[in-house]
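Coordinates in review
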Amino acid sequence: MRKPWVGGLLAAVLLLGACGDPGSGGASDDAPQTPDVTRAAEPPKEEAEPSAPPPSSTTRQRAADKPRDRTSTSPKVLYLGDSLAMENQNVLGDLLRSELGARYRSAPYSGTTLCDYLDDTGKDSLVPDKHKAAALVRAERPDYVVLQFWGNAWGYTPCMDGITYDKARQKYFDRYAADAKALASQIHEAAGGGADKPRIVWVLQGPDPITPDRVRRVDAIYEAQARASGGIVADAGRAVSPASDRHKWVEKLPCTAYETENPAYCTEPGRSRTALHRGDDYLHFCLAPTTPKSRPCPTRSPGIRRIAAEITRAVAKAA
């Protein structure tokens, strides 16, 4: 007899593959205050306008020669990523602004992986040229580039050339490591290199209930790339894992001190526990229902705040 949670895990496979995002079913009364988001934060539309052509070599050099604005002590942060970044982006922006006075730009796209933000991936990328990592670094001149990617492993990202975790595991990890190295290189080159280059914040992911070893190895790739290129690691995954087991997936955890002091974030106050995931979504941390249209999470969600707080802490420590 099939156990009742098997069907849930099969549904989760579809969620992992499509990397769909929570959308708005109408704003909740508990929804946090959110800043205006740029068009860059919106997912690509089916009838999108043609992407802007890549800048010429002369334009690229002028951008690289342009010094970053050092007149402000507040850090400038660029946030890129997949559906997890899509749902997190407003909460992270709020925390970075309130705690660090940061200037902030987000441009996540659902269903993406590292190669989507690389230059020269063209029509095989889910990210238009004007929102590639290098293009945004040239335009924004950030101090920090935060990268949060689950590691799309199910064949939904065209630029991965059909390489999937289930069919070719070592090839998947090799490709992922190569893309991490290439993306870091393009980000640094876009800023002109040298001491003025932005520091990359690699966000470590939370547990995967279906393929737990995959997340361990993807996180190891991020840590290795951070060491190799002067980056930073933000272990956001630890914040959504049990204290006793970093890689054990759970739906609920004991409330933190912050969540206890702010009951809206402690979903079971009588039991001192809070929900990280919906019962029907093992991947995302937004407690609002998933809808076809991706957008920032519209309701207070403890898992999202935990992740955003850890990213903010990592940037604050490095600033």
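For the structure given in this document, a descriptive report is provided here.

Structural notes on the environment of Pro-207
- Assignment of secondary structure puts Pro-207 in the loop between β4 (199–203) and α6 (212–229).
- As for Pro-207 and Asp-245, which are separated by 38 residues in sequence, their C-alpha atoms are 9.7 Å apart.
- Aside from chain neighbours lying at most four places away, what touches Pro-207 is Trp-150, Gly-237, Val-240, Ser-241, Arg-246, His-247, Lys-248 and Trp-249.

A look at helix α3 (residues 83–100)
- Here α3 is 18 residues long and its end C-alpha atoms lie 25 Å apart, about the 26 Å a rise of 1.5 Å per residue gives.
- Most of α3 is tucked away, with 13 of its 18 residues classed as buried.
- Where α3 begins, the side chain of Asp-82 points an oxygen toward the backbone nitrogen of Leu-84, at a separation of 3.1 Å.
- Two residues or fewer after α3 comes Gly-101, characterised by a positive phi angle close to 65°.

As for the pairing of strand β2 (residues 103–106)
- With four bridges connecting them, strand β1 (residues 76–81) and β2 associate as parallel partners. Within the sheet, the bridge partner assigned to Leu-78 lies in β2 and is Arg-105.
- What joins β1 to β2 is α3, and the crossover it makes is right-handed.

Notes on the side chain of Thr-157
- Mapped onto the elements, Thr-157 comes out in the loop between β3 (144–148) and α5 (169–190).
- At 3.2 Å, the side chain of Thr-157 and the side chain of Asn-152 are in polar contact.
- Once you skip the residues sitting within four places of it in the chain, Thr-157 turns out to touch Gly-111, Thr-112, Thr-113, Cys-115, Asp-116 and Asn-152.

Considering the pattern of salt bridges
- All chains considered together, the criterion is met by 17 salt bridges.
- Residue Arg-141 pairs with Asp-196 through a salt bridge whose shortest N-O separation is 3.5 Å. Of this pair, Arg-141 sits in the loop between α4 (133–140) and β3 while Asp-196 sits in the loop between α5 and β4, and the two are 55 residues apart along the sequence.
- Residue classification places Arg-141 among the buried residues on the basis of a relative accessible area of 5%.
- Here Asp-219 and Arg-246 are joined by a salt bridge, their closest N and O atoms 3.4 Å apart. With Asp-219 in helix α6 and Arg-246 in the loop between α7 (236–239) and β6 (252–254), this pair connects stretches of sequence that are 27 residues apart.
- On the accessibility criterion, Asp-219 (4% relative accessible area) is buried.
- Classification of Arg-246 as buried rests on a relative accessible area of 11%.
- Salt bridges sharing common partners tie together Asp-219, Asp-235, Arg-238 and Arg-246.

Description of the pairing of β1
- Burial within β1 is extensive, with five of its six residues counted as buried.
- Examined bridge by bridge, β1 and β3 share five bridges and lie parallel to one another. The residue of β3 that forms the bridge with Leu-78 is Val-145.

Section: the environment of Pro-75
- Here Pro-75 lies in the loop between α2 (57–65) and β1.
- Sequence separation between Pro-75 and Asp-143 is 68 residues, and the spatial gap between their C-alpha atoms is 6.0 Å.
- What Pro-75 contacts, discounting residues up to four positions off in sequence, is Leu-100, Ala-102, Arg-103, Asp-143 and Tyr-144.

As for the nonpolar core
- Leu-80, Leu-147 and Trp-202 are the most contacted members of the largest nonpolar core, which totals 37 residues.
- Broken down by secondary-structure element, the contributors of at least two residues to this core are β1, α4, β3, α5, β4 and α6.
- Residues in contact with Trp-202, not counting those within four places in the same chain, are Leu-114, Leu-147, Ala-180, Ala-184, Tyr-222, Gln-225, Ala-226, Ile-232, Val-233 and Ala-234.
- One finds Tyr-79, Val-201, Val-240 and Val-315 within the second-largest nonpolar core, a separate group that totals 34 residues.

Rules and cut-offs
Residues numbered from 1 in each chain as written. Predicted model: local features only at pLDDT ≥ 70, side-chain atom pairs only at ≥ 80, totals over all residues. Heavy atoms only, no water. Helix = DSSP H or I, 4+ residues; strand = E, 2+ residues; numbered from the N terminus. Contact = heavy atoms within 4.5 Å. Expected span 1.5 Å × (residues − 1). Buried < 20%, exposed > 50% of the residue type's maximum accessible area, 1.4 Å probe, protein only. Polar contact = N/O pair within 3.5 Å; in protein donor to acceptor, adjacent residues only side chain to side chain. Pairing = 2+ DSSP bridges. Right-handed = clockwise from strand over helix to strand, strands pointing away. Salt bridge = Lys/Arg side-chain N within 4 Å of Asp/Glu carboxyl O. Core = buried A, V, L, I, M, F, W, Y, C linked by side-chain atoms within 4.5 Å.

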